[in-house]
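What follows is the residue order along each chain.
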Amino acid sequence: MEFPKGTTVAQATAAMPRLLASQGPPPAGVPAPTPVIQSAVTSPGNANTFSATFDAGRTYVVLCFVSDKTGGLPHAISHHMYKVFTIS
């Protein structure tokens, strides 16, 4: 997902817990990322690949929305399994 132009890694990192906890529209004043690409879940033993184009100077986040085998919340929420980064 891509954050609005001008969002820093620090701002995006601070926004992620609030965005994940909101369970609805982004809270006021929190920069909300927009989808760039997504990947489907595969069965055990299989693989999945995809291509994406990232723009220099932009801040992105990759999130894991897979749950544990026993169920529960997606990993991005329950295990903070996401990575915020900027393309230089």
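Residues numbered from 1 in each chain as written. Predicted model: local features only at pLDDT ≥ 70, side-chain atom pairs only at ≥ 80, totals over all residues. Heavy atoms only, no water.

Bringing the overall build of the chain into the picture now. Looking only at helices and strands, the chain features two helices and two strands. Reading the chain from its N end, one meets helices and strands in the order α-β-α-β. Structurally, the chain occupies a C-alpha span of about 40 × 30 × 20 Å along its principal axes. Residue pairs in contact within the chain that sit at least 24 positions apart in sequence constitute 56% of those at least 6 positions apart. Of the roughly 6100 Å² of accessible surface on the chain, 58% is carried by carbon and sulfur atoms. (Helix = DSSP H or I, 4+ residues; strand = E, 2+ residues; numbered from the N terminus. Contact = heavy atoms within 4.5 Å. Areas by Shrake-Rupley, 256 points an atom, 1.4 Å probe, with all protein chains shown as cover.)

Glancing now at the packing of aromatic side chains. By convention here, two paired aromatic rings are described through the distance between centres and the angle between planes. Taken as a whole and judged by the stated rule, the model has three aromatic pairs. Ring geometry for Phe54 against Tyr60: centres 4.8 Å apart, planes inclined by 75°, an arrangement best described as edge-to-face. Tyr60 sits in the buried class, given a relative accessible area of 1%. Chaining the aromatic ring pairs together yields one cluster made of Phe54, Tyr60 and Phe85. (Phe/Tyr/Trp six-rings, centres within 6.5 Å; stacked < 30°, edge-to-face > 60°. Buried < 20%, exposed > 50% of the residue type's maximum accessible area, 1.4 Å probe, protein only.)

Tallied over the full model, the rule gives one salt bridge. In this structure, the salt-bridge partner of Arg58 is Glu2, at a minimum N-O distance of 3.7 Å. Highlighted residues: Arg58 in the loop between helix 1 (9-22) and strand 1 (59-63) and Glu2 in the segment before helix 1, separated in sequence by 56 residues. A relative accessible area of 16% places Arg58 in the buried class. (Salt bridge = Lys/Arg side-chain N within 4 Å of Asp/Glu carboxyl O.)

So, about the nonpolar core. When a protein is soluble and globular, its nonpolar side chains tend to lie buried together. Core analysis: the biggest nonpolar cluster contains eleven residues, these being Phe3, Ala12, Ala15, Met16, Leu19, Leu20, Val30, Val61, Leu63, Ala76 and Val84. Breaking this core down by element, the ones donating at least two residues are helix 1 and strand 1. The dominant element in this core, judged by the number of residues it contributes, is helix 1, at five residues. Ignoring sequence-local partners within four residues, the contact set of Phe3 consists of Ala12, Met16, Leu19, Pro31, Ala32, Pro33, Arg58, Thr59, Tyr60 and Val61. (Core = buried A, V, L, I, M, F, W, Y, C linked by side-chain atoms within 4.5 Å.)

A separate point is the environment of Lys69. Among the secondary structure elements, Lys69 is positioned in the loop between strand 1 and helix 2 (75-78). Taking the C-alpha atoms as reference points, Lys69 and Gly24, separated by 45 residues in sequence, lie 25 Å from one another.

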